[in-house]
Amino acid sequence: MAKEFNTWDWVVFGALLGISALIGVYYAVKSHYNKTADSTGEFLMGGRKIPLLPASVSILVSFMSAITILGAPAEMYTAGTMYFLYLLGLILACVISATIFVPLFYPLKLTSSFQYLEGRFKSKAAKLTGAIIMVVQQIMYMGIATFAPSTALEAVTGFPTWATIVTVGCVSTFYTFLGGMKAVIWTDVFQSTIMVAGLLAITIQGIIKVGSFGEVWKINEDWNRIDFWEANPDPTIRHSIWSLVFGTAVTWTGAFGVTQASVQRYCAVETYKKAKISVLLNILGCIILVVLASLAGVVMFAYYAQSGCDPLSAKEVGNANQLIPYFVMEVLGYPGLPGLFVSCLFSGALSTMSSCLNALAAVCWEDMLKPLIGEKVTESTKTWITRTLVAVFGGAGIGFAFMAQNLGGTVLQASMSFTGAASGPLLGIFLLGGLFPRANAPGCVVGGVLGLVLALWVSIGAYSLPGRGYALDFPTENCSLPEVDNNVTASATPVTLSAVQQFYTLSYLWFSSVGTLSTIIIGLLVSLITSPFVAKHEVDPIYLIPVCDRLCCCFPESWKRVFRCGYEFENPEEYIKDSDNNGEILEKKTSLSDLTVLESKQSSSQSNLGITSDMSQSDRGITNGVTSLAYRQKKSEFIYDNTVFKEDEKNGSQTLFVSSV
């Protein structure tokens, strides 16, 4: 069923790839000619001066990829409008993430979200556990997001799947390798406009072909596809209001709140208030993309119902993931528009893969390599190491994309099944640390590992079960091809399932919740068992989540005090303000290499502070943020870690005196 691209289609498609690559080249050249050329902080965090709107868009398209563009219309086409309630779960996830996790992470000025775990549990093992789970999750997500457009391009042009996978992987790796976070952010902005334009073109032209939106809606009603209510609490029901709202909320809270790609972006904007807004703005972005993608599925069904022949039944497409590309080649019969749609798909894949690569490089460097070699190599070498990590993980993403060809169902289901299962334990270990002061490092490690194993076991097991078929009818009266399958809607022959297999029938939307809950429960049990054998330490309130203060701010102070469990929590904005006041003094220096500790009456002062003469500016920012003691500024002096720092006016403010308080 391969179709031919015309010249204009290839021009539009080539322009997308070319512009994306050029953005990377631009930022590589720009950084080479300014003072931040060799800064890993600039490469990984954009100097923590990313504008609000680009940061928000980048968070959105890091997750709303080609998977959404292909998967959402396929879900609406094959299963009806119930899927649309998925949007409510997304909105809830954005609100929870902005309310709970931005106040937790932003004040710490992190590069890797897993630095939080080391500070909270006082354990490198806890940090590495989270980092390894994240690496697994991101590689799987990159693979599925890269595979998604390859099947579409093959459907509409005959372009080989393997060539598409390699192209997406190489282009995204190329501009991320060269330009770092700034290149990723601005290509995300460019690619997001292509995504919206492509979906608009499909929806508008489809409605015109059918006749009107009223006619589109009527046809779907006649075929029993308009349904927004399934309240059965049975967790094995594929789509219900419970799984679509609450199961989705858990999955996407992990994505928007604690996943490295998101944390890295909202921690890279200039202020705390902007960080919260950058996450909340994703509500608008989710509404736009999900509404357009869902409408495309509804319009597509109305079009084929009018024609009387479903492409799935007629075997015109190999699977539901190819429905929307097939529809595009029939409806968008204008030069360049099919190319715009394929560019739309590739934009989703490129933005997702580049964001994942940037996040993976940050985590692998900050959490795994920097503690080993960070003090032994130059800043320039550090930057090249992070670039090499981008290339290595790019190859890993391409490899998993080839493996993803063997997954059944829609790409949306595959994504939610596998990456959701891996993101659940990630959310679990951060909630374990933030909500339960008595949770310890062994609980975090064991809970995270077993939570991941359990969630992946269920998601992999679900793919071993026979397919259920489609519950709704499809139009086939005008299908004249001899290979038409009039039983495409028939369910699979009932089979007897074992107790373990019954567990596999759980809706894919609950897989992330399984990982989250099992991580927390196992983590608490292990913490309880190991508490007599683990050295106890006082948990700094900066690492805890005052849930009642965050979610129930209207409650009386006496009520909120009960839920604080004896802890006193500082307002994040006040904490950041204090930290910034301290930072203003250090910023007066030309570099930290100009700082010399002349005197210290407290032997541990310098080690507590964590400042060394060769420490980079980005490293210093992390040190200042993670330490949670109070700051006080007075003219040319400040107090930090019970140590007084004063400027040495004799040497032109190039030196600091240190003494204990």
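Our subject is the structure that appears above.
1. Some words on the state of the cysteines
Here is step 1: Counted under the stated rule, the structure contains 1 disulfide.
Here is step 2: Covalently, Cys309 is tied to Cys479 through a disulfide, its sulfur atoms 2.0 Å apart. The S-S bond linking Cys309 to Cys479 shows a torsion near 110 degrees; that makes this disulfide right-handed. Taken together, the residues span a long stretch of sequence, with Cys309 in the loop between α13 (282–307) and α14 (323–331) and Cys479 in the loop between α18 (441–462) and α19 (499–504) at a distance of 170 residues.

2. Focus on the packing of helix α4 (residues 66–79) against α13
Here is step 1: Look at α4 against α13: their axes get within 7 Å of each other, and the N-to-C directions meet at 50 degrees. If you check the angle between α4 and α13, you find them oblique. The handedness of the crossing between α4 and α13 is right-handed. Of the residues in α13, those touching α4 at Thr68, Ala72, Pro73, Met76 and Tyr77 are Ala293, Ser294, Ala296, Gly297, Val298, Met300, Phe301 and Tyr304.
Here is step 2: Its residues assigned to classes, the contact of α4 with α13 shows 10 nonpolar, 3 polar and no charged.

3. Quick notes on the packing of aromatic side chains
Here is step 1: Following the criterion strictly, the structure yields 23 aromatic pairs and no others.
Here is step 2: Measuring from ring centre to ring centre gives 6.2 Å for Phe101 and Phe105, while their planes differ by 15 degrees; the resulting arrangement is stacked. Remark: Phe105 and Phe101 occur in helix α5 (residues 86–105); sequence separation between them is 4 residues, near one turn of the helix.
Here is step 3: Taking relative accessible area as the criterion, Phe101 reaches 1% and is therefore assigned buried.
Here is step 4: Assessed through its relative accessible area of 0%, Phe105 is described here as buried.
Here is step 5: An aromatic cluster of at least three residues, connected via ring pairs, comprises Tyr77, Trp223, Phe301, Tyr303, Tyr304, Tyr326, Phe327 and Phe474.
Here is step 6: Taking the ring centre of Phe121 as reference, the NZ or CZ of Arg120 above it sits at 4.5 Å.
Here is step 7: Over the ring of Phe301 we find Arg225; its NZ or CZ atom is 3.9 Å from the centre of that ring.

4. So, the pattern of salt bridges
Here is step 1: Summed over the entire model, instances satisfying the criterion amount to 5 salt bridges.
Here is step 2: Put simply, Glu118 and Lys127 hold a salt bridge, and the shortest N to O gap is 3.1 Å.
Here is step 3: Using a relative accessible area of 3% as the deciding quantity, one classes Lys127 as buried.
Here is step 4: For Lys370, the salt bridge goes to Glu366, with nearest N and O atoms at 3.5 Å. Remark: Glu366 and Lys370 occur in helix α15 (residues 337–373); sequence separation between them is 4 residues, near one turn of the helix.
Here is step 5: On the accessibility criterion, Glu366 (8% relative accessible area) is buried.
Here is step 6: Overlapping salt bridges, with partners in common, bring together Glu118, Lys124 and Lys127 in one network.

5. Some points on helix α10 (residues 241–258)
Here is step 1: A rise of 1.5 Å per residue sets the reference length of α10, with its 18 residues, at 26 Å; its end C-alpha atoms lie 25 Å apart and thus fit the reference within 8%.
Here is step 2: The sharpest bend along α10 reaches about 30 degrees and sits at Ala249.
Here is step 3: For α10, the tally of buried residues reaches 15 of 18 residues, placing the bulk of the element in the interior.

6. Describing the nonpolar core
General note: in soluble globular proteins, nonpolar side chains tend to be found buried as a group.
Here is step 1: Ranked by size, the top nonpolar core spans 163 residues in total, and within it Phe101, Phe105 and Tyr266 carry the most contacts.
Here is step 2: With 18 residues, α15 is the single largest residue contributor to this core.
Here is step 3: Apart from the residues lying within four places of it in its own chain, the contact partners of Phe105 are Leu110, Ser113, Tyr116, Gly257, Val258, Val263, Tyr266, Cys267 and Phe430.

7. Section: a nonpolar patch on the surface
Here is step 1: Taken together, the side chains of Leu22, Val25, Val29 and Phe174 define a hydrophobic patch exposed on the protein surface, amounting to about 330 Å² of accessible area.
Here is step 2: Among the elements that make up the nonpolar patch, the one with the highest residue count is helix α1 (residues 7–32) (3 residues).
Here is step 3: Relative to the elements of secondary structure, Val29 occurs in helix α1.
Here is step 4: Judged by its relative accessible area of 42%, Val29 is partly exposed.

About the cut-offs
Residues numbered from 1 in each chain as written. Predicted model: local features only at pLDDT ≥ 70, side-chain atom pairs only at ≥ 80, totals over all residues. Heavy atoms only, no water. Disulfide = S-S within 2.5 Å. Helix = DSSP H or I, 4+ residues; strand = E, 2+ residues; numbered from the N terminus. Axes fitted to C-alpha atoms, helices over the stretch in contact; angles between N-to-C directions. Parallel < 35°, antiparallel > 145°, perpendicular 65-115°, else oblique. Left-handed = near helix turned anticlockwise from the far one by under 90°. Contact = heavy atoms within 4.5 Å. Nonpolar A, V, L, I, M, F, W, Y, C, P; charged D, E, K, R; others polar. Phe/Tyr/Trp six-rings, centres within 6.5 Å; stacked < 30°, edge-to-face > 60°. Buried < 20%, exposed > 50% of the residue type's maximum accessible area, 1.4 Å probe, protein only. Lys NZ or Arg CZ within 6 Å of the ring centre and 35° of its normal. Salt bridge = Lys/Arg side-chain N within 4 Å of Asp/Glu carboxyl O. Expected span 1.5 Å × (residues − 1). Bend = angle between axes of the 7 residues up to and from the residue. Core = buried A, V, L, I, M, F, W, Y, C linked by side-chain atoms within 4.5 Å. Patch = residues over 30% accessible without salt bridge, like charges linked within 9 Å, V, L, I, M, F, W, Y side chains within 5 Å. Areas by Shrake-Rupley, 256 points an atom, 1.4 Å probe, with all protein chains shown as cover.

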